[in-house]
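Letter by letter, the chains look like this.
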Amino acid sequence: MRMQQASRLRSYVGTFVVSSSAGSMSSARIWHAGDAAQQVERVEVLTGKPRSTFRRNNEVLTFLPESRVVRAERRDSLGMFPNLLKSSDNSIADFYAARRLGAERVAGFDADVVQLVPKDQLRFGYRVWSERRTGLVVKLQTLDGEGNVLEQSAFSELQLDSPLRAEKLAQMMQPPAGWRVERAQAVKTTPAAEGWGLHGEVAGFQPLNCYKRPAGGGAQEDGIQWIFSDGLASVSLFVEHYDPERHRQEGVFAAGATQTLTRRIDDWWLTVVGEVPAQTLRVFAQNLERRR
């Protein structure tokens, strides 16, 4: 909780790098200002196509300079580094054990190192470096069952408690003249209202939200996104009407710590995505059932 509070209430500016075991690497610049009333954040991608994302509480704007488009949506949390917790679930200790590993320096700051070891095979482990004075997470590794690093996020440069004002960041969220604003049509719903449920729980994973998203690509009905978390890891179930032109390959695919499962269920197409072992995605897929 101390680490999470630091990521929310502290003002900081920094550059962080994300690398995966698959060999991919990306970097981004982050500006964050927050207090008990609001969180304002800007993340500018430094690799690949230009993109800037602004967040003020649950309002998210993504600026795409090449197409002069701003995508507007509402999201409860970006869940991005350096945020550690995906939810306020207080049962994390039921499914993870914590072990102190010592101290190291990261981006010029003294950091305490803790390893979070899963108590079952349904989740990955984590190694966390938190800045000693504030608790801000400055480096995070996701580990498989053998302790291999699947993915790493770390600040390469960081200014803590910078004189950054939330109002200044919020002013930058105004779309430039001549840019097109696209508003996401996702609306909150419940799985039961959409005719879906799980016939068994997946240990430790609690439902957070469910959204209905507009049909695309010729689909006959809206799709849904159902989000679960154990407090550290998250899993999303995307269900949409089956389209043989778009939904051709069933299977399990991995990219660093992110696993993806695709499967046809009668007239529906299921995609399960999460930073969890593949067997966890299979449990979710096996438990999903149509109830109307």
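Residues numbered from 1 in each chain as written. Predicted model: local features only at pLDDT ≥ 70, side-chain atom pairs only at ≥ 80, totals over all residues. Heavy atoms only, no water.

Asker: I'd like a description of the overall build of the protein, backed by residues and values.
Answerer: A count of helical and extended segments in the protein gives five helices and 21 strands. Taken over C-alpha atoms, the radius of gyration comes to 20 Å for the protein, in line with the 19 Å a tight globule of 292 residues would show. Reported as C-alpha extents along the three principal axes, the dimensions of the protein are approximately 55 × 50 × 35 Å. For the protein, the proportion of its 292 residues judged to be buried stands at 49%. Partitioning the intrachain contacts of the protein with sequence separation of at least 6 by distance along the chain shows that 50% fall at a separation of at least 24. Put simply, the protein shows about 14700 Å² of open surface, and 47% of that area lies on carbon and sulfur atoms. In the protein, 38 side chains carry a positive charge and 34 a negative one; their mean positions are 5 Å apart. (Helix = DSSP H or I, 4+ residues; strand = E, 2+ residues; numbered from the N terminus. Rg over C-alpha atoms; globule rule 2.2 N^0.38 Å. Buried < 20%, exposed > 50% of the residue type's maximum accessible area, 1.4 Å probe, protein only. Contact = heavy atoms within 4.5 Å. Areas by Shrake-Rupley, 256 points an atom, 1.4 Å probe, with all protein chains shown as cover. Lys, Arg positive; Asp, Glu negative; His and termini not counted. Charge placed at Lys NZ, Arg CZ, Asp CG, Glu CD.)

Asker: Give a detailed account of the nonpolar core, specifying residues and quantitative values.
Answerer: Counting 52 residues, the largest nonpolar core has F155, L237 and F284 as the members making the most contacts within it. The biggest single contributor to this core is strand β8 (residues 109-118), with five residues. (Core = buried A, V, L, I, M, F, W, Y, C linked by side-chain atoms within 4.5 Å.)

Asker: Can you break down the sheet that holds strand β16 (residues 223-229) residue by residue, with the values?
Answerer: As summarised here, the arrangement of the seven strands in space is β13-β15-β16-β17-β20-β19-β18, forming an open sheet in which the pairing is antiparallel. With partners counted over all chains shown, the strands left at the sheet margins are β13 (187-188) and β18 (251-255), one partner each. Where strand β19 (residues 258-265) and strand β20 (residues 268-274) come together, seven bridges link them in antiparallel fashion. The residue of β20 that forms the bridge with R264 is W269. Most of the contacts of helix α5 (residues 278-287) go to β19, to which it runs at about 30 degrees, and overall it touches β16, β17 (234-241), β18, β19 and β20. (Pairing = 2+ DSSP bridges. Axes fitted to C-alpha atoms, helices over the stretch in contact; angles between N-to-C directions.)

Asker: Give me the lowdown on the packing of aromatic side chains, citing residues and values where you can.
Answerer: Note on aromatic pairs: each is described by the distance of the centres and the angle between the planes. Following the criterion strictly, the structure yields ten aromatic pairs and no others. Consider the rings of Y12 and F155, whose centres lie 6.4 Å apart with planes at 80 degrees: the pair is edge-to-face. Highlighted residues: Y12 in strand β1 (residues 12-20) and F155 in strand β11 (residues 149-160), separated in sequence by 143 residues. Aromatic ring contacts, followed pair by pair, group F205, W226, F228 and F284 into a single cluster. The ring of W31 has R29 lying over it, and the distance from NZ or CZ to the ring centre is 5.8 Å. (Phe/Tyr/Trp six-rings, centres within 6.5 Å; stacked < 30°, edge-to-face > 60°. Lys NZ or Arg CZ within 6 Å of the ring centre and 35° of its normal.)

Asker: Account for the pattern of salt bridges, naming residues and giving values.
Answerer: Side-chain pairing between opposite charges can occur once the charged atoms of the two side chains come close. Overall, the coordinates contain 18 salt bridges when judged by the stated rule. For the salt bridge of E44 with R42, the shortest nitrogen-to-oxygen distance reads 2.5 Å. You can call R42 buried: its relative accessible area is 16%. As a salt-bridge pair, E194 and K212 come within 3.6 Å of each other at their nearest N and O atoms. Linking E194 in helix α4 (residues 191-194) with K212 in strand β15 (residues 206-213), this pair joins segments that are 18 residues apart in sequence. Accessibility expressed as a relative area gives 14% for E194, which makes it buried. (Salt bridge = Lys/Arg side-chain N within 4 Å of Asp/Glu carboxyl O.)

Asker: So, the sheet that holds strand β5 (residues 59-64): which residues are in play, and what are the values?
Answerer: Read across the sheet, twelve strands follow the order β7-β8-β9-β10-β11-β1-β2-β3-β4-β5-β6-β12 without closing on themselves; strand pairing throughout is mixed. The open sheet has two edge strands with one neighbour each: β7 (96-106) and β12 (180-183). Shown here is a sheet whose adjacent strand axes are inclined to one another by a mean of 15 degrees, direction ignored. Sheet analysis places β5 next to strand β6 (residues 69-74), joined by six bridges and oriented antiparallel. The partner of E59 across the bridge, within β6, is R74. Against the sheet, helix α1 (residues 2-9) contacts β1, β2 (25-34), β3 (39-45), β9 (125-131) and β10 (137-143), and its axis sits at roughly 80 degrees relative to β2.

Asker: How would you explain the pairing of β8 if you had to name every residue and give the values?
Answerer: Burial analysis of β8 places seven of its ten residues in the buried class, the great majority of the element. Sheet topology note: the β7/β8 ladder contains ten bridges and is antiparallel. Residue V106 lies in a different strand from β8, and its bridge partner there is F109. If you look at the hairpin formed by β7 and β8, you'll find two residues sitting between the two strands, and A107 has a positive phi there, around 50 degrees. Judged from the six bridges that link them, β8 and β9 form a sheet pairing that is antiparallel. Looking at β9, one finds that V114 is bridged to V128. Joining the antiparallel neighbours β8 and β9 is a turn of six residues.

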